[in-house]
Structure formats: structure tokens, C-alpha cells
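Coordinate analysis (summary)
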Amino acid sequence: QLSVNELMVRPLTKSQSGIEGSLHFNGTLIDLNKRQVTRKIWTSFADNLRLRLSDLHLSGLDSMRVPTEILSPKSSSAHTLENKISIGVTENVSITDNSDSL
């Protein structure tokens, strides 16, 4: 794991949620409601559409990982520096939404 996880990701997520590597958003984040749907592509599925996202919990956000190279000289060119950073999720990331209605 990279020091950026230790220096930034973990402290920021802990200050927001109380847990390193996790974020928790209480309440409703998104509540989209469309009554009387008029586009034909949607009317075949429903007359009304609603999208609601609330009480979102993201965990396993320590996403910076190796290999990482900053200002690394390129072997084929003396005047070129390469940068490489790996950002991604691992099998430990989870997203949950505790909404009781759709």
C-alpha cells in the first residue's frame, strides 16, 4: 500500500465516517421522480420512474496501489521522464444502500 493511503485517504475517510477507508453518507443523496413518462423507450417499462439513493456506505477506498513511479527516467531516452500510478479497486470494496423503497 502506498503512503498516500496512509497520509491522505485513511485520515480523510476516518474524519468523515469514523472508519479508515470508508465513507458514509446519511440521508437521501439522490431522489429523482418523473411522473407521466413521455419518452417511448421508457413508457414500455413504466408510466412513472423514480430513482432514490440514500444512506450510502462506501468501504475499501484505499485505492492507490503499486506499481507507482513518479519522475522515473526512461531507459530509451535520456530526456524523458515517465510517471505511472495505479488507481483501482480491490476485491474488498463494497457499496451498500439501505433504501427501503425504489
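Provided above is the structure to which this section pertains.
In what follows, the accompanying structure is described. The residue numbers shown here count from 1 along each chain, following its written sequence. Per-residue local features are limited, in this predicted model, to residues with pLDDT of at least 70; the limit for side-chain atom pairs, both in listing and counting, is 80 or more; totals at the level of whole chains, interfaces and linings are taken over all residues. Working from all heavy atoms in the structure, the side-chain values ignore hydrogens and water.

Looking only at helices and strands, the chain has 2 helices and 5 strands in total. For the chain, the sequential pattern of α-helices and β-strands runs α-β-α-β-β-β-β. Two residues qualify as a contact provided that any one of their heavy atoms is within 4.5 Å of a heavy atom in the partner residue. Put simply, 51% of the contacts in the chain that link residues at least 6 apart link residues at least 24 apart. Every accessible area reported is derived by Shrake-Rupley at a probe size of 1.4 Å, with residue values counting cover from the shown protein chains alone. Carbon and sulfur atoms provide 55% of the accessible area of the chain, an area that totals close to 7,900 Å². In DSSP terms, a helix is any run of H or I states spanning at least four residues, a strand is any run of E spanning at least two, and both are numbered starting from the N terminus.

A word on a nonpolar patch on the surface. Surface patches are defined over residues having more than 30% relative accessible area and no salt bridge, joining like charges when they lie within 9 Å and nonpolar side chains (Val, Leu, Ile, Met, Phe, Trp, Tyr) when within 5 Å. Salt bridges are defined by distance alone: a side-chain nitrogen of Lys or Arg within 4 Å of a carboxyl oxygen of Asp or Glu. A cluster of nonpolar side chains, F25, L29, I30, L32 and L51, forms an exposed patch at the surface whose accessible area comes to about 420 Å². When residues of the nonpolar patch are assigned to their parent elements, the largest contribution, 4 residues, is made by strand β1 (residues 23–34). With respect to the helices, strands and loops of the structure, I30 is situated in strand β1. Throughout this description, buried means an accessible area under 20% of the type-specific maximum (1.4 Å probe, protein chains only), exposed means over 50%, and partly exposed covers the range between. Residue class for I30 comes out partly exposed when judged on its relative accessible area of 33%.

Scanning the model with the defined rule gives 2 salt bridges in all. Between R50 and D31 there is a salt bridge, and its shortest N-O distance comes to 2.8 Å. You can see R50 sitting in strand β2 (residues 49–59) and its partner D31 sitting in strand β1, a full 19 residues away along the chain.

One non-glycine residue, D55, lies in the positive phi region at around 50°. Among the structural elements, D55 can be located in strand β2.

A separate point is helix α1 (residues 3–17). Along an α-helix, residues three or four apart share an orientation, since each turn contains 3.6 residues. When the terminal C-alpha atoms of α1 are compared, their 20 Å separation across 15 residues agrees well with the 21 Å that a helix rising 1.5 Å per residue should span. Values of bend correspond, residue by residue, to the angle between axes fitted over the seven residues ending at that residue and the seven starting there. Taken as a whole, α1 carries its principal kink of about 30° at V9; the proline P11 stands between one and four residues after it. Regarding α1, the residues found buried are N5, V9, R10 and T13. In the stretch just after α1, G18 is the one whose phi turns positive, near 90°. One less than the number of residues in a helix, times 1.5 Å, gives the span that helix is expected to have.

Purely geometric stuff here, so don't read any function into it on its own.
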